[in-house]
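# Structural characterization, general
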Amino acid sequence: MVNRVPKASFISEVEYLAGEKIADIKHEYIDGEVFAMAGASASHNRISLNVARKFGNYLENKPCQPYISDMKVKVGSKYFYPDVLVDCSGLADDSHVTEPPTLIIEVLSKSTRRMDETTKRIAYTQINSLLEYVLIEQDFVDIEVIRRRNGWQSEHFYLGDSVTFEAIALTMTVEEIYARVNNPELVEWRQLQAETNSESKLINP
C-alpha cells in the first residue's frame, strides 16, 4: 500500500462511504478514523501491474475476477484498498466494496510495512473466504505468502523461486512478479544472469 495521513475526528461508515464516492483521493477507514492515501512509487505500480495483468489474462472467462487498487475490502468496521485482490463471489457491476475476497496482495514499502504486517494481517485473516494473503517487498526481493490451509504460517520466496497462488491455481516466477523493477538486488541479479549467459555461449557456441 501507500502512505497514510490521518484526518481529523470520528466519522461513521455511512459518512465515509458517501464521501469516498466524491473524494479526489482514496481513503482507508479503521474503526471510525479515516486515512488519506498518498501516491505510490514506480516500483510499487510495476509490481502491482505485473501481478494484476497475469491474473487478468489467466482468469479471463472464469468466475473469479481480479481488481487493482480501487476496490475496497470490508472487514468488520474497517475498509482497505488492497493493491491487488481476487474476488470469486460475482460482484455487481456497480459495486465499490467486497467482503468475501479469495486472495489479497499488498506491496510493501518502509512507510507501510508495519500496517500491512500487523493491522491488515490481523484483519484479513479474519475474512472467512480468504485463502491467501501475499506481501511483496518493493525495495528488495522477498515475497511472503500466508495461507489458511497451513494456519497462516509464513512462506518466503526469493529470486530463482516460483510462487503458486493456490487460491486460483496460478504459478508465477519471482522474476515475473518483479519484471521491470530496478532495486539494487534485481540489478545485480540481472547482471549476474547476463554474465552467466555470455559465458555459457562461449563454452557452447
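## A few points about the packing of aromatic side chains
Scanning the model with the defined rule gives six aromatic pairs in all. Ring centres of Y124 and Y133 lie 5.0 Å apart, and the angle between their planes is 80°; this geometry places the pair in the edge-to-face category. Ring-pair connections join several aromatic residues into one group, and the members of that group are Y16, Y29 and Y79. The residue whose ring lies beneath K26 is Y81, and the NZ or CZ to ring-centre distance is 5.2 Å. Directly above the aromatic system of Y58 lies the positively charged group of K62, at a separation of 3.7 Å from the ring centroid.

## Focus: the state of the cysteines
Applying the stated criterion to the full structure yields one disulfide. Between C64 and C88 runs a disulfide, and the two sulfur atoms are separated by 1.9 Å. The chirality of the disulfide connecting C64 with C88 is right-handed, given an S-S dihedral of about 105°. Here C88 lies in the loop between β7 (84-87) and β8 (97-98) and C64 lies in the loop between α2 (42-58) and β4 (65-68), a separation of 24 residues in the sequence.

## Observations concerning unusual backbone geometry
Phi is positive for S69, close to 70°, though the residue is something other than glycine. Relative to the elements of secondary structure, S69 occurs in the loop between β4 and β5 (72-75). Judged by relative accessible area, S69 falls into the partly exposed class, the value being 23%. Unlike most non-glycine residues, R180 shows phi in positive territory, near 70°.

## Describing the environment of A52
Summarising the element assignment, A52 is placed in helix α2. A52 sits in the buried class, given a relative accessible area of 15%. Along the chain, A52 and K74 lie 22 residues apart, while their C-alpha atoms are 20 Å from each other. Ignoring anything within four residues of it in the chain, the contact list for A52 reads I68 and V84.

## Points about the pattern of salt bridges
In this structure the tally under the stated criterion is 13 salt bridges. The closest approach of N and O atoms between E28 and K120, which form a salt bridge, is 3.2 Å. Taken together, the positions of E28 in strand β2 (residues 27-30) and K120 in helix α4 (residues 119-124) put the pair 92 residues apart, joining distant regions of the chain. The partner of E144 in a salt bridge is R121, and the shortest N-O contact between them spans 3.0 Å. One end of the pair, E144, is in strand β11 (residues 143-147); the other, R121, is in helix α4, with 23 residues separating them in the sequence. Three or more residues joined by partner-sharing salt bridges are found here, namely E132, R147, R149, E155 and E166.

Conventions we followed
Residues numbered from 1 in each chain as written. Predicted model: local features only at pLDDT ≥ 70, side-chain atom pairs only at ≥ 80, totals over all residues. Heavy atoms only, no water. Phe/Tyr/Trp six-rings, centres within 6.5 Å; stacked < 30°, edge-to-face > 60°. Lys NZ or Arg CZ within 6 Å of the ring centre and 35° of its normal. Disulfide = S-S within 2.5 Å. Helix = DSSP H or I, 4+ residues; strand = E, 2+ residues; numbered from the N terminus. Buried < 20%, exposed > 50% of the residue type's maximum accessible area, 1.4 Å probe, protein only. Contact = heavy atoms within 4.5 Å. Salt bridge = Lys/Arg side-chain N within 4 Å of Asp/Glu carboxyl O.

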